[in-house]
Amino acid sequence: MARLKWGMVGGGEGSQIGPAHRLGALADGHFDLVAGAFDHRPEEGRAFARKHGVAEDRAYGDWREMLAGEKGRADRVDLVTVATPNSTHFEISKAFLEAGFHVLCEKPMTVAVEEGEEIVRIAARTGRICAVNYCYSAYPMIRQARAMVRAGDIGKVRLVVTNFSHGHHGDATDADNPRVRWRYDPAMAGVSGQFADCGIHALHMASFICDDEVEKLSADFASTIPSRVLEDDAMVNFRMGRGTVGRLWTSSVAIGRQHGFDIQVFGETGGLRWASEQPNQLIYTPVGGRTQIIEKGEAGLYDEAKRLSRVAIAHPEGFPLAVANIYCELADSIRGVKRDGLPLASAGVRSIAAVHAAVASVKAGGAWVEARPPMYR
Ligand code: NAD
């Protein structure tokens, strides 16, 4: 099968998420990295591209140059990954989609709800794929959890409780570090800090596993480091379409929690528990029965989980391979095989609508507010 051609905007030297994209995209032989505008500083971006084997004429100084250069080529890239700070996602993704490229955009897909709706419409109009990197949803055991819920293994879901709380921005003396600061600056991050940064992964995960959508929410935000304009801690209560009760805590000042992303789903006949720090295990308890550990790679998993498992049981398959699963599903989709689990722009706009809903709720003293984007009401 011919390999697909891939380019990146952002994700340059020292970036947090760039390496996971490169490991993920290149892991299964679906993509070759052939172009990029990797850095906000043109020369650093070009140097980084060369270091990663990109040809001189496709090592671009900025994304507009990349768009112009790639548009005119017969061997143009098939897919562009956008891994820049949040406020730039919309105009970069829009421009590449309109020029006929498939896009994988980092979360949050946009800053404004209207922008998110526009991306959904552009993708529909152009027939291009716009995926959003909700990579945690591509862990095999998350696919297992979703398949179990769909199959009725835990009955109707009553309650979902999820946390994405870490302590890596908890040091007040590091608050001015540019890589930390932009996340709490409305000019760079939008209307929300921690909820838009990590909370939306948890909210997406709740929807994804329960196969249901968030309809309304009530939120409480706090900036525990006073120099921060945007929140570094949030508690969000929500309700989903089928009445499921949702509870979500997200924080970046929870010192001692390293990568505290976990989720529990409680149904009428059983419960499920998963944590990103032990991603190969799904804990399952049937009502009145013993708690069991379901392991990635074991016999009897649902097909959705089997398809995304590569290495044998008990061998770790971590974060970059979850990102790789997103790239596999993208490669399949670009080649015309639709994949049900791939998070698309519709999930991206639902998240950003929830972010704005949370901000509105906070301003209204924690009132319950509509969480769906206008296009999905
Ligand atoms: P970062 O600050 O560590 O790196 C940003 C990179 O983008 C840098 O290389 C910078 O030079 C480059 N850049 C900035 N503006 C650019 C521009 N206009 N053109 C080209 N390159 C540009 O940020 P990060 O933590 O890697 O976050 C980037 C995005 O990825 C954010 O939207 C963030 O929310 C998202 N993210 C997602 C996950 C995930 O799990 N899916 C994890 C971390 C970050």
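Bear in mind the structure is a predicted one, so any value in this text is a computation, not a measurement.

The rules behind each value
Residue positions are counted from 1 within each chain, in the order its sequence is given. Note on the predicted model: pLDDT of at least 70 is required for a residue's local features to be given, and 80 or more for side-chain atom pairs to be given and counted; whole-chain, interface and lining totals, by contrast, use all residues. Only hydrogens and water are set aside when side-chain values are computed; all heavy atoms of the structure are taken into account. Only DSSP runs of H or I covering at least 4 residues are called helices, and only runs of E covering at least 2 are called strands; the numbering of each starts at the N terminus. Exposed residues in this analysis have more than 50% of their type's maximum accessible area, buried residues have under 20%, and partly exposed residues fall in between, with area computed by a 1.4 Å probe over protein chains only. Contact definition: two residues touch when any of their heavy atoms are within 4.5 Å. Computed by Shrake-Rupley with a 1.4 Å probe, the accessible areas treat only the displayed protein chains as cover when residues are assessed. Under this rule, positive means Lys or Arg and negative means Asp or Glu; His and the chain ends count for nothing. A charged residue contributes its charge at one atom only: NZ of Lys, CZ of Arg, CG of Asp or CD of Glu. We call a residue near a molecule or strand as soon as one heavy atom of that residue lies within 4 Å of the molecule or strand. Within 3.5 Å is the distance limit for a polar contact, defined as a pair of N or O atoms, with the added protein rule that one can donate a hydrogen and the other accept it, and that residues adjacent in sequence qualify only through two side-chain atoms. In this classification, Asp, Glu, Lys and Arg are treated as charged, Ala, Val, Leu, Ile, Met, Phe, Trp, Tyr, Cys and Pro as nonpolar, and every other residue, Gly included, as polar. Domain segmentation is taken from an automatic or database assignment of domains. A quick way to say it: buried area is the sum, across both parts, of accessible area lost when two parts are put together, with a 1.4 Å probe. The rule for pairing is simple: two strands pair if DSSP sees at least two bridges between them. Axes here mean lines fitted to C-alpha atoms, for a helix over just the part in contact, with angles spanning 0 to 180 degrees between N-to-C directions. Working note: the arc is built from the helix axis to C-beta atom directions.

Visitor: Tell me what's going on with the overall build of the protein, and back it up with residues and numbers.
Guide: Along its length, the protein carries 12 helices and 14 strands. Counting only C-alpha atoms, the protein reaches 65 × 50 × 40 Å along its principal axes. Looking at the protein as a whole, 56% of its 377 residues qualify as buried. Partitioning the contacts of the protein with sequence separation of at least 6, the portion at a separation of at least 24 is 68%. Of the accessible surface of the protein, which amounts to about 15300 Å², a share of 53% is contributed by carbon and sulfur atoms. One way to put it: in the protein the 44 positive side-chain charges average out to a point 4 Å from where the 46 negative ones average out.

Visitor: Can you explain the site of the ligand? Please cite residues and give values.
Guide: Neighbouring the ligand are 27 residues, the closest being His40, Asn86, His89, Lys107 and Arg183. At 2.7 Å, a side-chain N or O of Asn86 approaches an oxygen atom of the ligand. Taking 850 Å² as the accessible area of the ligand by itself, protein coverage stands at 92%. Counting only elements with at least two residues in the shell around the ligand, the list comes to strand E1 (4–10) and helix H9 (194–210). Residues belonging to the shell around the ligand are distributed by class as follows: 10 nonpolar, 11 polar and 6 charged. Summarising the domain contributions, the shell around the ligand has at least three residues from each of domain 1 (4–135) and domain 2 (137–311 + 345–363).

Visitor: Before we move on, can you summarise the domain arrangement of the protein with the specific residues and values?
Guide: The assigned domain composition of the protein is domain 1 (4–135) and domain 2 (137–311 + 345–363). Using C-alpha coordinates to define each centre, domain 1 is positioned 26 Å away from domain 2. Facing 24 residues of domain 1, the contacting portion of domain 2 comprises 25 residues. Counting each side, the surface lost to burial between domain 1 and domain 2 is near 1900 Å², with a carbon and sulfur contribution of 59%. If you sort the residues of domain 1 by the area they bury against domain 2, Lys107, Val113 and Tyr134 come out on top, with a joint share of 32%.

Visitor: Pulling in residues and values, what's your account of the sheet that holds strand E3 (residues 79–83)?
Guide: The strands making up a sheet associate through hydrogen bonds between their backbones, and the pairing can be parallel or antiparallel. Strand order in the open sheet formed by 5 strands is E2-E1-E3-E4-E5, with parallel pairing between adjacent strands. In the strand order of this sheet, the two ends are held by strand E2 (31–37) and strand E5 (130–132), each with one partner. Across the sheet, the mean angle from the axis of one strand to that of its neighbour is 25°, orientation sign disregarded. Both E3 and strand E4 (residues 102–105) contribute to a ladder of 4 bridges, which runs parallel. The partner of Thr81 across the bridge, within E4, is Leu104. Across the sheet, helix H4 (residues 89–98) touches E1, E3, E4 and E5, and the angle it forms with E4 is around 165°.

Visitor: Give a description of helix H2 (residues 42–51) that names residues and reports values.
Guide: Burial in H2 covers these residues: Gly45, Arg46, Phe48 and Ala49. Along the long axis of H2, the arc covered by the buried residues comes to 160°, so they all point the same way. On its buried side, H2 packs onto helix H1 (18–26) and helix H3 (63–71). Two residues or fewer after H2 comes Gly53, characterised by a positive phi angle close to 85°.

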